[in-house]
Amino acid sequence: MTVTAPLKHEVKDLALAPLGRQRIEWAGREMPVLKQIRDRFEKEKPFAGLRLAACAHVTTETAHLAIALKAGGADAVLIASNPLSTQDDVAASLVADHGIAVFAQKGEDAATYNRHVQIALDHRPNIIVDDGSDVVAELVQHRQHQIADLIGSTEETTTGIVRLRAMFKEGVLTFPAMNVNDADTKHFFDNRYGTGQSTLDGIIRATNILLAGKTVVVVGYGWCGKGTALRARGMGANVIVTEIDHIKAIEAVMDGFRVLPMAEAAPHGDIFITVTGNKHVVRGEHFNVMKDGAIVCNSGHFDLELDLKYLAANAKEIKDVRPFTEEYKLTNGKSVVVLGQGRLINLAAAEGHPSAVMDMSFANQALAVEYLVKNKGSLAAGLHSIPREVDEEIARLKLQAMGIFIDSLTADQIDYTNSWQSGT
Ligand SMILES: NC(=O)c1ccc[n+]([C@@H]2O[C@H](COP(=O)([O-])OP(=O)(O)OC[C@H]3O[C@@H](n4cnc5c(N)ncnc54)[C@H](O)[C@@H]3O)[C@@H](O)[C@H]2O)c1
Ligand SMILES: Nc1ncnc2c1ncn2[C@@H]1O[C@H](CSCC[C@H]([NH3+])C(=O)O)[C@@H](O)[C@H]1O
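Here's what I pulled together on the structure shown here. Computed from a predicted model, the values in this text were never measured in an experiment.

Thresholds, definitions, all that
- Residues numbered from 1 in each chain as written.
- Chains lettered and ligands numbered in written order.
- Predicted model: local features only at pLDDT ≥ 70, side-chain atom pairs only at ≥ 80, totals over all residues.
- Heavy atoms only, no water.
- Buried < 20%, exposed > 50% of the residue type's maximum accessible area, 1.4 Å probe, protein only.
- Helix = DSSP H or I, 4+ residues; strand = E, 2+ residues; numbered from the N terminus.
- Pairing = 2+ DSSP bridges.
- Contact = heavy atoms within 4.5 Å.
- Axes fitted to C-alpha atoms, helices over the stretch in contact; angles between N-to-C directions.
- Patch = residues over 30% accessible without salt bridge, like charges linked within 9 Å, V, L, I, M, F, W, Y side chains within 5 Å.
- Areas by Shrake-Rupley, 256 points an atom, 1.4 Å probe, with all protein chains shown as cover.
- Salt bridge = Lys/Arg side-chain N within 4 Å of Asp/Glu carboxyl O.
- Parallel < 35°, antiparallel > 145°, perpendicular 65-115°, else oblique.
- Left-handed = near helix turned anticlockwise from the far one by under 90°.
- Nonpolar A, V, L, I, M, F, W, Y, C, P; charged D, E, K, R; others polar.
- Near = heavy atom within 4 Å.
- Polar contact = N/O pair within 3.5 Å; in protein donor to acceptor, adjacent residues only side chain to side chain.
- Core = buried A, V, L, I, M, F, W, Y, C linked by side-chain atoms within 4.5 Å.

On any regular strand, side chains alternate: one points to one face of the sheet, the next to the other face. Among the 5 residues in strand β14 (residues 335–339), 5 count as buried, and that is most of the element. Side chains Ser 335, Val 337 and Leu 339 project from β14 onto one buried face, and the interleaved Val 336 and Val 338 project onto a second face that is buried too. Here strand β11 (residues 294–298) runs beside β14; their pairing, made up of 3 bridges, is parallel. Bridging across to β14, Ala 294 finds its partner in Val 336. Linking two consecutive strands that pair antiparallel, namely strand β13 (residues 325–330) and β14, is a turn of 4 residues; a positive phi of about 95° is found at Gly 333 within it.

Right, let's talk about the sheet that holds β14 for a bit. Strand order in the open sheet formed by 8 strands is β9-β8-β7-β10-β11-β14-β13-β12, and the pairing between neighbours is mixed. Looking at the sheet topology across the chains shown, the edges are occupied by β9 (258–259) and β12 (315–322). Judged from the 2 bridges that link them, strand β8 (residues 238–242) and β9 form a sheet pairing that is parallel. Counterpart to Val 241 in the pairing with β9 is Val 259. Across the sheet, helix α9 (residues 190–207) is in contact with β10 (271–274), β11, β12, β13 and β14; its angle to β10 comes to roughly 135°.

To continue, consider a nonpolar patch on the surface. A contiguous nonpolar patch, built from Ile 250, Val 253 and Met 254 and spanning about 340 Å² of accessible area, is present on the exposed surface. With respect to the helices, strands and loops of the structure, Met 254 is situated in helix α11 (residues 246–254). Accessibility expressed as a relative area gives 71% for Met 254, which makes it exposed.

It is worth spelling out the sheet that holds strand β5 (residues 152–155) at this point. If you trace the 7 strands from one edge of the open sheet to the other, you get β3-β2-β1-β4-β5-β6-β15, paired in parallel fashion. Of all strands in the sheet, those bounded by a partner on one side alone are β3 (101–103) and β15 (382–385). Strand-to-strand twist of the sheet, defined as the mean angle between neighbouring strand axes without regard to direction, takes the value 20°. Sheet topology places strand β1 (residues 51–56) next to strand β4 (residues 127–130); 3 bridges connect them, and they run parallel.

Between helix α6 (residues 134–142) and helix α7 (residues 158–169), the least distance of the axes is 10 Å, while the angle of their chain directions is 20°. By the angle class used here, α6 and α7 are roughly parallel. The two elements α6 and α7 meet at a crossing, and its hand is left-handed. Counting all contacts with α6, which are made through Asp 134, Val 136, Ala 137 and Val 140, the residues of α7 involved are Arg 163, Leu 164 and Met 167. Its residues assigned to classes, the contact of α6 with α7 comprises 5 nonpolar, no polar and 2 charged.

Lining the immediate environment of ligand 1, one finds 28 residues, of which Thr 157, Thr 158, Thr 159, Cys 224 and Glu 243 sit closest. Between ligand 1 and the protein, one listed contact pairs an oxygen atom with a side-chain N or O atom of Lys 248 at 3.1 Å. In isolation ligand 1 exposes 860 Å². Once the protein is present, 87% of that is buried. Per-element accounting of the shell around ligand 1 gives the leading share, 3 residues, to α9. Tallied by class, the residues present in the shell around ligand 1 amount to 8 nonpolar, 16 polar and 4 charged.

A few words now on the nonpolar core. One finds Phe 47, Leu 52, Val 58, Leu 78, Leu 94, Val 102 and Ile 127 to be the most contacted residues of the largest nonpolar core, which totals 50 residues. Broken down by secondary-structure element, the contributors of at least two residues to this core are α2 (32–44), β1, α3 (60–71), β2 (75–80), α4 (88–98), β4, α16 (355–374) and α17 (388–402). The biggest single contributor to this core is α16, with 10 residues. Discounting residues that sit within four places of it in the chain, Leu 52 has contacts with Leu 69, Ala 74, Asp 75, Ala 76, Val 77, His 123, Pro 125, Ile 127, Val 129 and Val 369.

Moving on to α6. Three or four residues apart is the spacing at which side chains of an α-helix point the same way, because the helix has 3.6 residues per turn. The buried fraction of α6 is high, at 7 of 9 residues. If you check which residues of α6 are buried, you get Asp 134, Val 135, Val 136, Ala 137, Glu 138, Leu 139 and Val 140.

The next thing to look at is the site of ligand 2. Close to ligand 2 lie 20 residues; Thr 59, Ser 81, Glu 156, Asp 190 and Phe 302 are nearest. In this structure, a nitrogen atom belonging to ligand 2 sits 3.1 Å away from a main-chain N or O atom of Asp 131. Between an oxygen atom of ligand 2 and a side-chain N or O atom of Thr 157, the distance comes to 2.9 Å. Those elements that provide at least two residues to the shell around ligand 2 are α3 and α16. Of the residues in the shell around ligand 2, the class split is 5 nonpolar, 9 polar and 6 charged.

See below:
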């Protein structure tokens, strides 16, 4: 379908649409679950008459989510959830081929990013699809009067959920918000295997560095950390993990990784990857004892995990050495190489998670939006889990699409698992 009527948008270049169209089609081959949901939405039109604002990384995978929501009848606006993650060809195709209003350009500055958040809210959304909670935070801080329009929101990522919990505690989250991140078919695969693969992809595309034999320090051993450490080991790196949580640290030790405090890991690392969702987990005291030329990057959240202000304040010179690769020559004579301006390296220098995992994440998103609409007016304010049966159905459909079938319990086994008398 080609839309001829002028559409409000802010994308880099509409002439990139054919390339975007081709890449969106390619990604679709690995997104069979979302495709089934989209086909049903097309027939049932569950979102007819509803205004939807989505804030997500504008990638080939998000394109499929946006197309599915539009197929369901939503009047959708899409903005970027990160200044560096937009794929400009995809943004162009969504506007030109699908009639979706996209406001996103790779490399947009902070002022533009924030202006796009305002544009998303100017749409007066009934539904917000958020990734990191920037749109919801703006709504509850400065546009309380618009909450009456809202049926609810959905949240994609761990730190977004942390922010929503904090909002609820303060009494400002006065509408239902679907917790997409905590669905098993989301974080087990997206945060772990998606981040594991795409983070290394980003580092390799930015630097073309050999991982075998390098010491990689993974900061944080949550879902993203586990995947990153596992995949780095698979590429032959010696992996050190740092943590602040005793249980996660034992897990890392028993998974066979060396665990050290950051101050002790800092002199050993060749490459540092932060995946904590926390602030300044690598800072001055650590940069100062790193090897000359150590590479640091973030695959967690925003650009705060690395203390970039410290680096800038202590640099004699900051030099672009390759795309998404800047060398900070420090006053102590050593240099630190920062990838992707300290923003998500997997989305800045590579293409984010592969489509096969985003298929499940975005199936959860699409069904979360439908759940909000179906239960309009009856859900309490605060966070809501994706219903277990939805999570299980997504897993069933994914396995089916992969051509993998599993056993089911026999009647005898069901009886056995339901009884407590037959212990022996
Ligand atoms: N790059 C991506 O595409 C991508 C994908 C999914 C999630 N994320 C983001 O990555 C971050 C991590 O997500 P997750 O699901 O792994 O969260 P998680 O809660 O499972 O793990 C975070 C871990 O970091 C640890 N941590 C916190 N502060 C630390 C510190 N100072 N030093 C060392 N460890 C510390 C915590 O103890 C925890 O184990 C979040 O911000 C999330 O939003 C990014
Ligand atoms: N290819 C992709 N397309 C769309 N979203 C993705 C892709 N890869 C990863 N993500 C999502 O990105 C989320 C983390 S983004 C962290 C949010 C914040 N806005 C920031 O940019 O710092 C994860 O929860 C993933 O589901």
